[in-house]
Amino acid sequence: MLRYLASRILYTFAILAAVSFLVFAVTELLPGNVATMILGTDATPEEVANLERLLGLDRPSWERYATWVSGVATGDFGDSLRMQRPIAPILASRLANSLLLTGVALIFVILGGLVLGTVTALNHGTRLDRTFSAVAVIGTSLPEFVTGTVLVLLFGGGLMRILPPSGYEGFSHGIWDGISHLILPALTLATIMAAYVGRIMRTTVIDVLKSEYVRAARLKGLPEWRVILRHVLPNALVPAVTVLCMNLGWMFGGIVVVEEIFVFPGIGRMMLFGIAERDWPVIQACAMVIAAAYVLGNLIGDVLALLLDPRLREAAT
Amino acid sequence: MAEPLLQVENLSVAYPPYDAERTVLRQVSLAVESGEALGIIGESGSGKSTVALAILDYLATGGRYLDGRIRFAGKELTAMTRRQKRSLYGREIAYVAQDPSASLNPSLKIGTQLTEGMALHLGMDAESARKKAVALLDEVRLRDPVRLLDRYPHQLSGGMQQRVCIAMALACDPSLVILDEPTTGLDAVTETAILDLLKDLKLKRRLSIILISHNLAAVAGLADAIAIMYGGMVVESGPAAPIFARPAHRYSRLLLDALPSLRAPSRALSEIPWQEASIPRTGCPFRDRCDMAIAACADEFSSAVVNESWLTRCVRWKDVLAAGPRHECASDAHDEHAFSAQIRPAGAGTTTAMPVLSVSSLVHGYGRKRLGRPEAEVRAVDDVSFELAEGETLGVIGESGSGKSTLARCVVGLVQPTAGSIRLAGKELTGFSRYPREVCRQIQIVFQNIAGSLHPRKTMSRVLARPYQLYEHRTPALDELQRLIASVGLKAHLLPKRASALSGGEKQRSALARAYAPRPSVLILDEAFSALDASMKIRVARLIRDRKQELGTSIIFITHDLPFVKYVADRLIVMYRGWVCETGRAADILSPPYHPYTETLVWAALRLEGERPATLPETAERDSTPAGAAVKGCPFASQCPRKLGTICETQSPPVRRGAEGRQIACHIPMDDLREMQLAEYPPIAIAKGARA
Amino acid sequence: MTIGTVDVAGTDTGVVPVHMRRPLWRDPVFVGAGTVLLIHVFLALLAPLIIPYPPDQMSFSATLQPPSLEHWFGTDRYGRDLLSRVIMGGQLTLAFGFGSVAMCLLIGLPAGLISAYYGGLVDQVIMRTMDILMSFPTLLLGLLILIIAGPDLGNLIIAVGIVYCPRTTRVVRAAALTVRHSAFIEAAQARGESSAYIIVRELLPCAWGAIIVEICIRLGYAILLGASFNYLGLGVQPPAADWGLLVHEARSQMLRAPWTAIFPILFITTLVSSLHLLGDTIDERLKEGDVG
């Protein structure tokens, strides 16, 4: 098991290395000369050359890649071209906001996905089940910009104004203010995932309910609640949790759109800012962090599945 | 006589839309006396599992009791509330399902699964429940029960899992245990051991048992009473011994006569015609296949009493009984010559004729590496040699993991052997990475897997036309395909059907037709018919014989079914973990000396036929040594009942040669083996003669 | 998943094998979703013929008009007819949807089949490459590609295609693997069929069901992803507008003029839901073994 974990972590690092390479290559391929972009088109060739030297752009790519990677490894993401200051501190506060948003969304996913999925599966074939199935399919068909827009139209001022549609500023104006600004974006972020996880949970629970070991447990005369708690759920959770963790990182990609809709000061908007301003160190930093979150989410998913399923634990040794 | 422990009366069960076609049980009546075992026998689809599920109130969704009642210990089950029934299940009635690996929860430890019922029904605390669990595991003869409690199901072998399931069923000391095909999927030796265990439990605990099986032999050794089911009906029920000796329903009779037996090797095996349409749901369900059917068979017939509790639903039961006891009428004239006598080609056995196929010193191995350290090479096939004469049938016997399927794959070129040679009519084949098409044409194979033997989305015409396109570059005419499909006893109306619409028997016969189409010189049948019902097997075996006479094809017949291979093959090789431990004529394989491994196979087969007392020491549950693992010395040493000592573990056994090409690889000289075995068994070949 | 019925002795567990179900084309969900999809496709194909106004025609006298008989869906802030813009947007949306899925299949179909058939090193190389692509969140990978390539329709198709082709590859490979070790494949090898024949004539037909489901589902997701890029302003450029861009354009005035957001949202939701429902229904049937 430890050996498997070690190899799994090693693999994660290999993927991260590949990711860093790709991220760097992408910004390398960015069209247009960076120095000209900063200085404007009327800059003299000397000024351009000077700035390029200053930014280290005259050095070969691999050397700059090495510098950048070693910087990233120590938490130094370089300086923003536009803002003219180190990226790391800004990134840290933005990342904290985004993680909070994702965390709240995760609570919604667990409530909406795992719980509803299980409940409907236990009522398989009833009207509740059919309704949920249909709603879940539509749920997976809603892109964040649609959910966000609809939620704003419903609760953010269109139909009624219960929750603020934008302007998250942390918890400086009180806890409720912070929470109320988080609810709509988190709901938006959670919708697709909750629907997706809910459907998986539903089918898995239904499958497990049909299994022979559940039949064996029932024929032992165990009361139904015990059958469900001891025999059904532990086995049904494995695929759902794996999927959930794999998509934790995917949700982290979705924040780009959600933060844009709700003008939320997170890492996604920072990246869009970088793209709009052609601020490549910012793009690099954000892409790297988002990708890393995704890869780590997958790793956590694997480890959790391992802890939940003794068969996998065995196979992993 | 006191009321039986369990009594099922006139039970009918149907699924939506509840018409005759969907009625899966028809007026089933059964009784289980306290402390006795009832065997329920039937083919797949006969409704035998539904009976169990109906008793347990666990019918599939939509299943409904149309009629009838179930009484257990004087109480009406059908009138009970859910809660009342729950206190009964697990406590008084326990259930063991067919597939132990599926009926144990993969994420709970054995101990938890064993004790949860005790806590619930008997109110035991954790510690005493654990103690009892240990005692139970010990009772089902599992070694080291204390450690087993903390293991997970997947860490145990199939046989061990089934023992755990039985222990689980016994947890609350129930009075009735229902076992649904408890030994299907286990090898013959393990199967015998499990059946012995059940017999012991029945005696010691005065346990009532319902044993459901398609395997007559498995039931015969255990059951006091039997019920034979067909098409959702109990066609015959009553005390086991008289029914086995002289059934009173034509179906029972044919079923029993179709059973190949080691004891009576040349006995005529009866054929039951194929079921062509769906099974009739009114009147006698068997009448379409019955050779004695009359017009009255289509009418409803409530049972006739043969003798006290012995009931039959055959209108012509008196005529069936008149045929006499089974063993006496065993010599139908037309089949007196068994396969071997009739088919043996003139040249077989003599060394002058060039063999069609010759395999020598064939090895298939693969190295396993772990963290860079190369482990010893694992050999799935280890130094196998044989020759196949024209028109000869070679049986290859061994349990799963013996390398017999790898051997087949080497011969057809799917797998490259590591060493050794394969020659087809003298031409070396091992050099090819892929066989030339002409070689492929000459060696055809039919695989075991019924579900996957034919492409599910292609029509039969396309499937059968393919060999002609491939080898002769032409599309065959319709009448050619019709002739081809008729040659395996199938009707031409199947041609436009897809494989997914065919039954298992039809699929396997179509695969056979496809293999015959290019007129191969060697046909390999890799467990091709193992999954078919006994009567179907016999039909297919006969088909093969007829075609063989016509075409002169040589056949390699791979199976784990000893009585069956005995019936079809001329010569046998016995394989264990990739290694050939015995070679000889099929007719001789039953006369000592045997290789000790063959001895356990023969012993298990005879035990299943209920003919021998346990004389072999019970070998331990097949343990963890992976199949094909590299071993020094004799691969069978760890399981061998006649192990000599360390020599068996350290030196590979010498090949000892006997008469008629008999070869045995064992450290014990042939004469000693014969002496040991004769002391314990009266010679079987002689016993047959003595009885005749 | 096994194919067809198995009649190994002793498998009758008393469970009803095949439901007495309606044929697929009489399943209300299938018919409903299919009809919605067909309407969308027809609207897109016939768009230039049926739109009442040129989609780019501005009218500063009639900005932000609510829906009326004249403008069924109302007008946007430049006075453009929203009905015309939504219908034309459908054309664009379906174009990049189908374009991206075609690209997914172009890569995923051969890669998945070859990976499943050959296994071993070939499989490792193909699947590890796909893994690296999949180790990015979909939106991020697309963003990075669009940053390099620049925003336009063609690049959008390429970006979405690359993002989703590993998933298509996996689905095709998984479907092919379920039959890869079947006896009929081994039988084909043993009788000397060429690898190409086995891949195309034996593996592919067994994967068709899964591929059709994949096309439906993937089309839905491709449309979602593409529309999201357009919403972020990184895909097609104004004045052309797909539904994502229309919602984006509605943002600034959506509280005052909610119809500018509602209609494109309605269209994208019905289209994607119908695709997912179709995929789902077919998938369920395949699992039950009903679809031949």
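Remember, predicted model here, so these are calculated numbers, not experimental data.

(A) Expanded view of the packing of aromatic side chains. According to the stated counting rule, one finds 17 aromatic pairs over all chains in the structure shown. Between Phe24(A) and Trp68(A) the ring centres are 5.7 Å apart and the planes differ by 35 degrees, which places this aromatic pair in the tilted class. Of this pair, Phe24(A) sits in helix H1 (residues 2-28) while Trp68(A) sits in helix H4 (residues 61-73), and the two are 44 residues apart along the sequence. Both residues of the pair, Phe24(A) and Trp68(A), count as buried. Aromatic side chains Tyr230(B) and Phe286(B) sit 5.2 Å apart centroid to centroid with 85 degrees between the ring planes, which places their arrangement in the edge-to-face category. Highlighted residues: Tyr230(B) in strand E9 (residues 225-230) and Phe286(B) in the loop between helix H11 (250-257) and strand E11 (304-307), separated in sequence by 56 residues.

(B) Highlighting the environment of Glu582(B). All names here are of chain B. With respect to the helices and strands, Glu582 occurs in strand E24 (residues 579-585). A sequence separation of 80 residues divides Glu582 from Arg662, and the C-alpha atoms of the two residues are 7.4 Å apart. When sequence neighbours within four positions are dropped, the list of residues in contact with Glu582 reads Leu572, Ile573, Val574, Ile589, Pro593, Tyr594, His595, Thr598, Arg662, Gln663 and Ile664. Separated by 2.7 Å, the side chains of Glu582 and Thr598 make a polar contact.

(C) Examining the confidence of the model for chain B more closely. Residue and element names in this part refer to chain B. Per-residue confidence for chain B averages 81 on the pLDDT scale, and 85% of its residues sit at or above 70. Counting interchain partners and residues more than four positions distant, the pLDDT-below-50 stretch residues 328-352 has 36 contacts. Note on residues 683-692: pLDDT under 50 across the span, and 12 contacts to partners over four residues away in sequence or across chains.

(D) Quick look at the pattern of salt bridges. All names here are of chain B. This model, assessed by the stated rule, comprises 52 salt bridges over all chains. Here Arg250 ties to Asp291 by a salt bridge, and the two come within 2.8 Å at their closest N and O atoms. Here Asp291 lies in the loop between H11 and E11 and Arg250 lies in helix H11, a separation of 41 residues in the sequence. Salt-bridge contacts for Glu582 lead to Arg662; the nearest nitrogen and oxygen are separated by 2.8 Å. Of this pair, Glu582 sits in strand E24 while Arg662 is found in the loop between strand E25 (655-657) and strand E26 (663-665), placing the two residues 80 residues apart along the sequence. Here the salt bridges do not stand alone but share partners, grouping Glu3, Glu9, Arg69, Arg71 and Glu76 into one network.

Calculation notes
- Residues numbered from 1 in each chain as written.
- Chains lettered and ligands numbered in written order.
- Predicted model: local features only at pLDDT ≥ 70, side-chain atom pairs only at ≥ 80, totals over all residues.
- Heavy atoms only, no water.
- Phe/Tyr/Trp six-rings, centres within 6.5 Å; stacked < 30°, edge-to-face > 60°.
- Helix = DSSP H or I, 4+ residues; strand = E, 2+ residues; numbered from the N terminus.
- Buried < 20%, exposed > 50% of the residue type's maximum accessible area, 1.4 Å probe, protein only.
- Contact = heavy atoms within 4.5 Å.
- Polar contact = N/O pair within 3.5 Å; in protein donor to acceptor, adjacent residues only side chain to side chain.
- pLDDT = per-residue confidence, 0-100.
- Salt bridge = Lys/Arg side-chain N within 4 Å of Asp/Glu carboxyl O.

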